[in-house]
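Here's the letter readout for the chains.
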Amino acid sequence: MTVRISELSVVGPAGVMVEPLSATVEPGATLALIGESGSGKTLTAKSLVGLLPRGFTATGAAEVGGVALPLAGGESAWRAIRGRTASLLLQDPFTSLSPVHRCGDQIAWTVEAATGSRLARSERDAVVEARLAEVKLPARAARAYPHQLSGGMRQRVAIAAALASDPQLLIADEPTTALDASNQAEILDLLRAVQVERRLSVILISHDLGVVRGRTDQVLVMREGHVVERGETASVLAAPSHPYTGALIEADPVVAAQSGTRLSPAQPVEGELVVRVMGLEKSFGTHRVLDDVSLDVSRGEILGIVGESGSGKSTLARCVAGLEHEDGGTISIDGVALAPGRASRTPDQMQIVFQDPYSSLNPMMSVGAILAEALRVAGRDASEVDGLLETVGLPAQFVRKRPAQLSGGQRQRVAIARALAPRPRLLICDESVSALDVSVQADILRLLAGLRDELGIAVMFISHDLAVVRMIADSVVVMWNGRVVERGECRDVLTAPTHEYTRLLVAAALRENTAPQIGRE
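Cut-offs and rules
- Residues numbered from 1 in each chain as written.
- Predicted model: local features only at pLDDT ≥ 70, side-chain atom pairs only at ≥ 80, totals over all residues.
- Heavy atoms only, no water.
- Pairing = 2+ DSSP bridges.
- Helix = DSSP H or I, 4+ residues; strand = E, 2+ residues; numbered from the N terminus.
- Axes fitted to C-alpha atoms, helices over the stretch in contact; angles between N-to-C directions.
- Contact = heavy atoms within 4.5 Å.
- Parallel < 35°, antiparallel > 145°, perpendicular 65-115°, else oblique.
- Left-handed = near helix turned anticlockwise from the far one by under 90°.
- Nonpolar A, V, L, I, M, F, W, Y, C, P; charged D, E, K, R; others polar.
- Phe/Tyr/Trp six-rings, centres within 6.5 Å; stacked < 30°, edge-to-face > 60°.
- Buried < 20%, exposed > 50% of the residue type's maximum accessible area, 1.4 Å probe, protein only.
- Lys NZ or Arg CZ within 6 Å of the ring centre and 35° of its normal.

> What should I look at first to understand the sheet that holds strand 18 (residues 458-462) in this one?
Hydrogen bonding along the main chain pairs the strands of a sheet, whether they run parallel or antiparallel. Across the sheet, six strands lie side by side as 16-17-18-13-19-20; this open sheet has mixed pairing. Lying at the two open borders of the sheet, with one neighbouring strand each, are strand 16 (350-353) and strand 20 (483-489). Across this sheet, the average inter-strand angle for adjacent strands is 15°, counted without regard to direction. Inspection of the sheet shows strand 13 (residues 302-306) paired to strand 19 (residues 475-480) by four bridges, in the parallel sense. If you follow Ile 305 over to strand 19, its bridge partner there is Val 477. Along the sheet face, helix 16 (residues 408-420) touches strand 16 and strand 17 (426-430) and points at about 170° away from the line of strand 16.

Structure, rendered in structure tokens:
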């Protein structure tokens, strides 16, 4: 069914957030929306499923297969549309899946909501099994809770739930951002296969230009609520006509990696070992998560840690930070062995920056209060707040703002400023740029490289994005099933890998970023 959007606009408390835009998506085709945080991509998407935040309204017209979407309607009007005619797939499946209900129940609820009647147990089980099979999951996944599945499996369940009511339009908002290259490829291939089989119209929001380049037909480039460029994806990304589109492409880490661009390639200080991990072991129940893991990080060194979901990267980071208790092995800072747990660590030894700064910043506190508290814990004076903001490239007036008033990139800068308050010897970045669009991502990477050069700190940089790691890291460790399978200088390991698993990771990343332009079947 053809999707037609005509003069769609979104107005919020601060005025017009999305200027009138129009677009058409044919059955089986994919339209991409790209642009920086705050460009209006997600507001546009949410207006098409009636999920705009309180205080926001949509005007204009939109229809799916001749069925008008009630853009200005209330919740009762949207109940007949949402899930049946148009469905939304979010970035984080934990956002769309209930953590306290089994996956099969959640898929069944979607089907029952669409039909308006409860299913008999046998029919319900058969429907759920069929939906899981469509997304290549075994029937036993129906009995699992979301936290018992890997990131890729959770996203497959979210896809099954989003498609359970047989919608004609699927809006996918950054559906693979948090996944490693191999899982990302599998999810995108799965979405494409379902799309072709169902002749589904798809609107894809993504900051990953590799995904957009290989898997979409048309693209709208948005900036500050305006569409600044549109056209066939291959043409727009190969020869952009608007300077902003060109800037987005130049900021893409894949482009930088292909051109050999690196950020401030400083040399680690010889002999100044900051962190040494020896023979680290960690299990959750009977599952061995870390198996004899060893690594070193020197002063002024950025060590990249890569591997797919479940490889042990984040568990390693949490053990080093003292947020998890290792079962065996040693972690040493400046030659001093640390006992497991947070109590043996001091703020000036290490700090960690997480993927989502919004969940790690207190929404009730101002930026100034957040940083003042971090300085107080570090034994430093609150008068240094302005200096911390300057260090991360934010103006002093941000002290009065709250996290909700900031963009994703600004919040991440605040999170980094807070981590720098104790002047740590080691900064641990756990997927700290994966949720950001390419231009903001590039800004944060430049900031981290500059801080490394200016302060001489050691950095453990965890990422599933090989292009980002190639751009910023000096050396790299590759993890698989809890073990380190390859290590060395970044340019050597990611250019000419010796381990079969590393070769598979590199090949998956190359496949995603050089995928041929799709055609409509």
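Having put the structure on the table, let's press on.
> Quick question: what am I supposed to make of the sheet that holds strand 4 (residues 57-64) here?
Taken in spatial order, the four strands make up an open sheet running 2-1-4-5, and their pairing is antiparallel. The open sheet has two edge strands, strand 2 (15-25) and strand 5 (67-68), and neither has a second partner. The pairing of strand 1 (residues 3-12) with strand 4 spans seven bridges and is antiparallel. Note on strand 4: the bridge partner recorded for Ser 9 is Thr 59.

> I tried to follow the packing of helix 16 against helix 17 (residues 438-455) on my own but got confused; where do I start?
Contact geometry of helix 16 with helix 17 gives a least axis separation of 10 Å together with a crossing angle of 20°. Here helix 17 runs roughly parallel to helix 16, going by the angle between their axes. Taken as a pair, helix 16 and helix 17 cross one another with a handedness that is right-handed. Across the interface between the two elements, Gly 409, Gln 412, Arg 413, Ile 416 and Leu 420 of helix 16 pack against Val 440, Asp 443, Ile 444, Leu 447, Leu 448, Leu 451 and Leu 455 of helix 17. Of the residues contributing to the contact of helix 16 with helix 17, the split by class is eight nonpolar, two polar and two charged.

> In this structure, what is going on with the packing of aromatic side chains? I would like to understand it.
Aromatic ring pairs are defined here through the distance separating the ring centres and the angle between the ring planes. This model, assessed by the stated rule, comprises one aromatic pair. Taken together, a centroid distance of 5.4 Å and an interplanar angle of 15° make the contact between Trp 480 and Tyr 501 stacked. Placement of Trp 480 in strand 19 and of Tyr 501 in helix 20 (residues 500-513) is noted, with a sequence separation of 21 residues between them. Among the residues examined, Trp 480 registers a relative accessible area of 35% and is labelled partly exposed. Against the face of Phe 398 rests Lys 401, its NZ or CZ located 5.5 Å from the ring centre.

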